[in-house]
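Tertiary structure, described
Here's the letter readout for the chains.
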Amino acid sequence: MEILVQQLFNGLTIGSVYALVALGLTLVYGILHIPNFAHGALYMMGGYITLMMMVQYGLHYWLAILVSVIVVGLIGVLMERLVFYPLRHAPPIHDKIAAIGILLFLEAFAQFIWGADYQTMPTPYGQVVQLFGLTFTMQRLLIIIAAIAVMVLLYLFLKKTFTGASIIAMSQDRDGANLVGINTNRVAMLTFLISGGLAAIASSLAAPINLVFPGMGQLVILKAFVIIILGGMGSIPGAIIGGYILGFSESLGATYISNDYKDIIAFILLVVILSVKPTGLFAKGGH
Amino acid sequence: MFLETKSLSKKFGGLTAVNNVDFTVEKGKINAIIGPNGAGKSTFFNLISGFHPPSSGSIILKGQDITRLPPNKIAEMGIARTFQTTNLFEQSTVLDNVVVGHRLRTKSNLLDAVLRTKRLKREEEQCREKALEVIRFTGLEKVAGKLVGSLTQEEKKRTAFALALATEPEIVFLDEPAAGVNPDETEGLAQLMKKMVDKGITVCLIEHKMQMIMKLADKIMVLNYGEKIAEGTAEEIQNDPAVIKAYLGGSASA
Amino acid sequence: MAKIINKRFIIPVLILFAIVFPFVTQNDYFIHVMTLSFIWMIGVYGLNLLAGYTGYLSLAHAGFFAVGAYSLGLLTVKAQMNFWLAFVLALIITSVLGFLIGLIALRTKEHFFAIYTLCVGYILYLIIDKWDSLTEGVRGLIGIPAPGNIGPISFETPLSQYYLVLAILLVVILIIYRIVHSLTGRTYIAIRNSEDLAQTIGISTMKNKLEVFVLSTFFAGLSGALYASFIRFIGPDIGNIVITFDLLTYLLIGGIGTLSGPIVGTVLVVWISQQLQFLQDYRMLIFGPILTLLVIFYPRGIAGSIAGWNVKRAEKKIAKAQQDERFSQSPISAENQVKEG
């Protein structure tokens, strides 16, 4: 029983991180209909920048995260301007390849600057807490709380502000959004900014309990794709729910099935989903 | 009966795009389907060509039920269609685009290709001849060697016709064949459709250009909100109160 | 046309060059590198048939490459099977797996297909990596034999392996050439161009796509099996997504959807990488942006762009001959891939 509760808690932690990454991915997909394969590289960059800010410049954890969010967000905007915008009318195969190119570049870049070694990120929240008979680190609790806070803020932004509403409008109907006077270019850039920022927050939160290394984004991005297919490409609630579903299945799978193969769970889930429904769960109309 | 639909319906989610349509295509005639935007015309085409399975009803071709057949089988049965957007391969020549249209009448497979068998060579020649024939028929001889990307809109439409004809159809469905084409060229395309009918091919088209339809079509069906509201000759349609009310808005020649 | 004469001339010259190359260099290392590029080329051709000619971007090809390599490795090392029997079996195993995966994967399209195959590739990699008792996991598989003798010919020396791989490559190219220039190839291209249109002209898209997919995985497996017998040691990393990206890079730089692209791209990139050994770990610093820039500015790669220029020139000639102002604008360019709305 205790193991189960502990694992559920772990699932909540991992799920929070997945949800944040998947949110960024799904927002971009909703707006531009691009599966951004480079999103994992943004996640990785976020981890490194936070780490560098803390270790080299002695910034506090939260300040370091703020810098990281801004920098990675801007990398996202650059990506949109320099790569995806010029390719908006290209055949669908092209933007995927371009995204892969960016991914390869950023990973090599990180390796070049920071080396290939696995690094640990220090955290001011390393203390161990006992609660309801459970033992866990503050950092894990922090991941959950911070992730939920970010999601609430994002929700408020999308629902309560005009800019947020224009993102929603554009994800529903791009041409229509253009007609009613929404500056689609600006919205696209903003979306990439948010998407990059979310990736940076996710990796900065998760890094202290994992490790920082050039390939750290690969698995996460693959899983994020699984999540947004699970939750419906472009769907915001879907990304959150999907994130937690995957988080729970992995932590439970690791305990009760096999720790070695826990990473496979997501992909098997996806293969099963797409085998049954080739356009994903909750697909909007037929194409 | 040549081709008919019996209480054909299509629902997308809660929306009924096509509702209980009975329609017969008359052999050797030019049949037209008109109706305001969103009346379900394209959906109707998609049902007949097998792109969407109907929610209910049936499609009968020469006494045979083809309702659930996939698009490629329907093409084999002699039904060809064009799309609103021509969908052609722009980096390739007109001839190369059209050659593959006759593929469905050939049998050579991967192994024939790898071994360069006699059958393959014979069938390639056959496809080429067919392509040249339909290119001549559609009046594209002069541009046969040009890339589709460099053609005018009207020439692209003709290429799309040629491709459809290369499948040796008994009936062709043309989705807005004259959209984006100027009046003179529209007249040329209308002549081409007549030429097809003269050759024994039945034509069925969706079109917005009223004058063209009224002059050209032997038989017209009017769809509105997915339902058939009238069917008949141009004259009958023009005088039909339901049509005038729903669509023409009082003036017969829009 | 000048282009055809050119082609007739270039192909024998290239083949001749490949044949005399070992005697010209006399350098075992260069022969090794060249053999390796030939092996990669076979895999790139497989990917090209699928992504280039049929329009389906598979990101699982490293997985199939690894399945081919590991099948050969396990059958020879662990099952002690005769080399050529194992070789044939490895190809059959990869193709059957390709068939089964294709059956499901090809129901998805575009993004979903890319993501699906990405995940399939990752599953294959993880299985190889984690299934210790079978694949030896991260330790890798050691002692894979060189190709067995065919009659009196043995393939123990680098030179004989070079010619073996070259011979297989030439057969592969011939097969691909014939497919692409046949009704079957036209059928694939029609599917790439527009699946809806292909269906309305009576093409069974599923059957054709499955055919290409299996063929494509067959070549990936062939490439992998040759790799295993040439390098004689394989680890799970050969199934890593990075290898798929490598193949894609070769293809993109050479020219996706062209016949000579895989040769041009692979030789160029492999040789540049070898020359820039010190860059090995960071080669993606250069190739990543090149990949991205290529799809933006030269989506058809080197071979495709040259072909594009040739067509342009030919068009201009026609235009001149016809003395028609309208044609001289020559609106055909490599980037002009947008369909008319």
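Counting of residues starts from 1 at the beginning of each chain's written sequence and follows it residue by residue. Written order decides the labels, with chains lettered from A and ligands numbered from 1. Only residues with pLDDT of at least 70 get local features here, since the model is predicted, and only at 80 or more are side-chain atom pairs given and counted; chain-wide, interface and lining totals rely on the full set of residues.

What follows is about the overall build of chain B. Along its length, chain B carries ten helices and ten strands. Its C-alpha atoms give chain B principal-axis dimensions of roughly 65 × 40 × 30 Å. Any residue whose C-beta has 12 or fewer other C-beta atoms within 10 Å is treated as exposed, any with 20 or more as buried, and any in between as partly exposed, C-beta atoms being built from the backbone. The buried share among the 254 residues of chain B stands at 50%. Here contacts are defined at the residue level, using C-beta atoms placed from the backbone and a cut-off of 7 Å between them. The long-range share in chain B, meaning contacts at least 24 apart out of those at least 6 apart in sequence, stands at 68%. Note on conventions: DSSP H or I runs of at least 4 residues are helices, E runs of at least 2 residues are strands, and numbering of each starts at the N terminus.

Once that is clear, we can look at the interface of chain C and chain A. At the junction of the two partners, chain C supplies 36 residues and chain A supplies 39 residues. Put simply, the parts of the chain that give the side of chain C that touches chain A at least two residues each are helix H5 (110–130), helix H11 (241–254) and helix H13 (283–297) of chain C. For the side of chain C that touches chain A, the leading source of residues is H5(C), giving 13 residues. Considered class by class, the residues forming the side of chain C that touches chain A number 26 nonpolar, six polar and four charged. Gly is placed with the polar residues, together with every amino acid not listed as nonpolar (Ala, Val, Leu, Ile, Met, Phe, Trp, Tyr, Cys and Pro) or charged (Asp, Glu, Lys and Arg).

The domain boundaries here were taken from an automatic or database domain assignment. Each assigned domain of chain B is listed here: domain 1 (3–78 + 169–248) and domain 2 (90–152). Using only C-alpha atoms to locate each centre, domain 1 of chain B and domain 2 of chain B end up separated by 28 Å.

Our focus in this paragraph is the interface of chain C and chain B. Every contact between the two is made by 29 residues of chain C and, on the other side, 36 residues of chain B. Secondary-structure elements contributing two or more residues to the side of chain C that touches chain B are helix H7 (158–180), helix H8 (183–193) and helix H9 (195–200) of chain C. Top contributing element to the side of chain C that touches chain B by residue count: H8(C), with eight residues. Of the residues in the side of chain C that touches chain B, the class split is ten nonpolar, 13 polar and six charged.

So, on to the nonpolar core. Residues enter a nonpolar core if they are buried, belong to Ala, Val, Leu, Ile, Met, Phe, Trp, Tyr or Cys, and are joined to the set through C-beta atoms within 7 Å. Val21(A), Val226(A) and Cys119(C) are the most contacted members of the largest nonpolar core, which totals 275 residues. A per-element tally of this core places helix H1 (residues 2–32) of chain A first, with 14 residues. Beyond its immediate stretch of four places on either side in the chain, Cys119(C) contacts Leu222(A), Val226(A), Phe267(A), Leu270(A) and Val271(A).

Residue and element names in this part refer to chain B. Pairing between two strands is assigned when DSSP locates at least 2 bridges connecting them. The sheet built from four strands is open, its strands ordered E2-E1-E4-E5 with antiparallel pairing. The open sheet is flanked by strand E2 (15–25) and strand E5 (64–65), the only strands paired with a single partner. As defined by bridge partners, strand E1 (residues 3–12) adjoins E2 across seven bridges and the pair is classed as antiparallel. Paired with Thr5 across the strands is Phe23, a residue of E2. Helix axes use the C-alpha atoms of the stretch in contact, all axes being lines fitted to C-alpha atoms, and the angles between their N-to-C directions lie in the range 0 to 180 degrees. Seen against the sheet, helix H1 (residues 41–48) touches E1, E2 and strand E4 (56–61) and runs at an angle of roughly 65 degrees to E2.

Turning our eyes to something else, we now look at the sheet that holds strand E6 (residues 79–81) of chain B. Residues and elements named next belong to chain B. Ordered in space as E6-E7-E8-E3-E9-E10, the six strands form an open sheet in which the pairing is mixed. In this open sheet, the two strands that pair with only one neighbour each are E6 and strand E10 (227–232). The average undirected angle you get between the axes of adjacent strands in this sheet is 20 degrees. In this sheet, strand E9 (residues 219–224) lies alongside strand E3 (residues 30–34) in parallel orientation, the contact comprising four bridges. Across the sheet, Ile33 pairs through a bridge with Met221, a residue of E9. H1 rests against E3, E6, strand E7 (171–175), strand E8 (202–206) and E9 of the sheet, and its axis sits at about 150 degrees to E7.

All names here are of chain A. Here a helix's expected span is defined as the number of its residues, less one, multiplied by 1.5 Å. Taking 1.5 Å of rise per residue, 21 residues should cover 30 Å, and helix H10 (residues 236–256) covers 30 Å from first to last C-alpha, within 8% of that figure. Within H10, the full set of buried residues consists of Ile236, Gly238, Ala239, Ile240, Gly242, Gly243, Leu246, Gly247, Glu250, Ser251 and Gly253. Buried residues in H10 make contact with H1, helix H5 (138–160), helix H9 (216–231) and helix H11 (262–276).

Attention shifts here to the packing of H9(A) against H10(A). All names here are of chain A. Following both chains from N to C, one finds H9 and H10 inclined at 120 degrees, their axes separated by 8 Å at the closest point. It follows from the interaxial angle that H9 and H10 lie oblique. Crossing of H9 over H10 shows right-handed handedness. Residue-level contacts link Lys223, Val226, Ile227, Ile228, Leu230 and Gly231 of H9 to Gly238, Ala239, Ile241, Gly242, Gly243, Ile245 and Leu246 of H10. Of the residues in the contact of H9 with H10, the class split is eight nonpolar, four polar and one charged. In what follows, roughly perpendicular refers to angles from 65 to 115 degrees, roughly parallel to angles under 35, roughly antiparallel to angles over 145, and oblique to any angle outside these ranges. Handedness of each helix crossing follows the sense of rotation of the near helix against the far helix: counterclockwise by less than a right angle gives left-handed, clockwise gives right-handed.

Residue and element names in this part refer to chain C. Topologically, Glu211 is positioned in helix H10 (residues 205–231). Residue class for Glu211 comes out buried when judged on the 21 C-beta atoms lying within 10 Å of it. Sequence separation between Glu211 and Leu50 is 161 residues, and the spatial gap between their C-alpha atoms is 9.7 Å.

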